[in-house]
Amino acid sequence: MTFRQIHGVIRDSDKFSFDLIADNTFSNFLFQYYTTHAIPRIIVVSELPEKKEFLESFFSEKAGFQVQIICPKRGKRKEMIDLTLKNIDLIHTKGEEPGLLALQEVLRLPRLPKIIECFDISNLGQKYAVGSMSRFKDGKPDKSSYRKFKIKTVMGQDDFSMIAEVIKRRYHRLKKERLQLPDLIQIDGGKGQLNVAISSLGSLGVKLPCISLAKENEEIFVPNKKEPIVIPRNEKSLKILQHARDEAHRFGLAYNRKLRQLSKDSR
């Protein structure tokens, strides 16, 4: 696995898979890779190649500046290598989505968020207010498990109370029927929506990781933290959350439109 870090942001990531036999050595891979790719001043690796000195000399001459190949033992570069190795291990042994591992790391989740349930409110007037839930499994939509909720207890356009109702209804049922709980709950909105969702979970005695994603700046709010988390927009981890949010919104909007059409037809 290879990636470039530019101004603190990981870009141009790519994966390669081959058996380390014959000419498929790490040294030969580096030689071939930097024949067709831009050469950086520092190449950070998980283990030093056999022909380190030759490669450094060759790359330096070709690039026109001094090139170093290093294997860090501590610090940020060591952390990047460790995270990359975890990604590789997941891909190789389990076929997991690397973005899920990154989510676990950045959100400090107790386990990999293999199952994410995301909630949205589609509120186009009291009569047509609905809640919706998308469900992602292994980073991909599990559309047969999507759920829709017609708001029953809230009067007026109160998105906060609607979120509270939907969360309570969903997890009261899962708890009562002893069904599988998600690894992560995601709410469409900001700190306020997150707080009411956490309050609803608390009233049920349900303890699950819960976050909210505010669409305007794609900020992630987490419990007990004042400042939001901002993930670079090109990161797969953020794209998973965005996809879950967009699916919940699409599903809820479709249900809302259906209710309005049924009401129109019955007149």
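Chemist: Looking at this structure, how should I read the overall build of the protein chain?
Modeler: If you tally the helices and strands in the protein chain, you get 7 helices and 12 strands. In the protein chain, the share of contacts with a sequence separation of at least 24, taken over all contacts with a separation of at least 6, comes to 57%. Only carbon and sulfur atoms are counted for the fraction: they give 50% of the accessible area of the protein chain, which is about 15900 Å².

Chemist: What is the right way to look at the pattern of salt bridges in this model?
Modeler: Opposite charge on two side chains lets them pair, provided their charged atoms get close. Per the stated rule, a full pass over the model turns up 13 salt bridges. The closest approach of N and O atoms between R245 and E218, which form a salt bridge, is 3.0 Å. Here the residue R245 occupies a position in helix α7 (residues 236-265), and E218 occupies one in the loop between β10 (210-214) and β11 (219-221), the gap between them amounting to 27 residues. Note on accessibility: R245 and E218 belong to one class, buried. With a closest N to O distance of 3.0 Å, R250 and E247 form a salt bridge. Separated by 3 residues within a single helix, R250 and E247 lie in helix α7, roughly one turn from each other. What makes R250 partly exposed here is its relative accessible area of 39%. Beyond isolated ion pairs, a larger network of salt bridges with shared partners links E117, R135, D142 and R170.

Chemist: How should the confidence of the model for the protein chain be read in this particular structure?
Modeler: The predicted coordinates of low-pLDDT regions are not to be read in fine detail. Looking at the protein chain, the pLDDT average stands at 86 and 86% of residues meet or exceed 70. Mean pLDDT values over the elements of the protein chain span from 61, in strand β2 (residues 9-14), up to 97, in strand β9 (residues 184-188).

Chemist: Explain the packing of helix α5 (residues 159-176) against helix α6 (residues 191-204) to me, please; I cannot follow it from the model alone.
Modeler: Packed helices, taken two at a time, are described by their axes: the angle between them and the distance between them. Packing of α5 against α6 leaves a shortest axis separation of 8 Å and a crossing angle of 35°. The interaxial crossing formed by α5 with α6 has right-handed handedness. Side by side, α5 and α6 meet where F160, I163, A164, I167, K168, Y171, H172 and K175 of the first sit next to G192, Q193, V196, A197, S200, L201, S203 and L204 of the second. Looking at side-chain class alone, the contact of α5 with α6 contains 9 nonpolar, 5 polar and 2 charged residues.

Chemist: Where do I start with the pairing of strand β6 (residues 130-137) in this structure?
Modeler: β6 sits mainly inside the fold: 7 of its 8 residues count as buried. In this structure, strand β5 (residues 115-122) lies alongside β6, joined through 8 bridges in antiparallel fashion. Bridging across to β6, C118 finds its partner in S134. Sheet topology places β6 next to strand β8 (residues 147-150); 4 bridges connect them, and they run antiparallel. Residue V130 lies in a different strand from β8, and its bridge partner there is K150. Sheet topology places β6 next to strand β7 (residues 140-141); 2 bridges connect them, and they run antiparallel. Bridge assignment links K137 to a residue of β7, and that residue is K140. Where β6 folds back on β7, the antiparallel hairpin that results is connected by 2 residues, among which D138 adopts a positive phi of roughly 55°.

About the criteria used
- Residues numbered from 1 in each chain as written.
- Predicted model: local features only at pLDDT ≥ 70, side-chain atom pairs only at ≥ 80, totals over all residues.
- Heavy atoms only, no water.
- Helix = DSSP H or I, 4+ residues; strand = E, 2+ residues; numbered from the N terminus.
- Contact = heavy atoms within 4.5 Å.
- Areas by Shrake-Rupley, 256 points an atom, 1.4 Å probe, with all protein chains shown as cover.
- Salt bridge = Lys/Arg side-chain N within 4 Å of Asp/Glu carboxyl O.
- Buried < 20%, exposed > 50% of the residue type's maximum accessible area, 1.4 Å probe, protein only.
- pLDDT = per-residue confidence, 0-100.
- Axes fitted to C-alpha atoms, helices over the stretch in contact; angles between N-to-C directions.
- Left-handed = near helix turned anticlockwise from the far one by under 90°.
- Nonpolar A, V, L, I, M, F, W, Y, C, P; charged D, E, K, R; others polar.
- Pairing = 2+ DSSP bridges.

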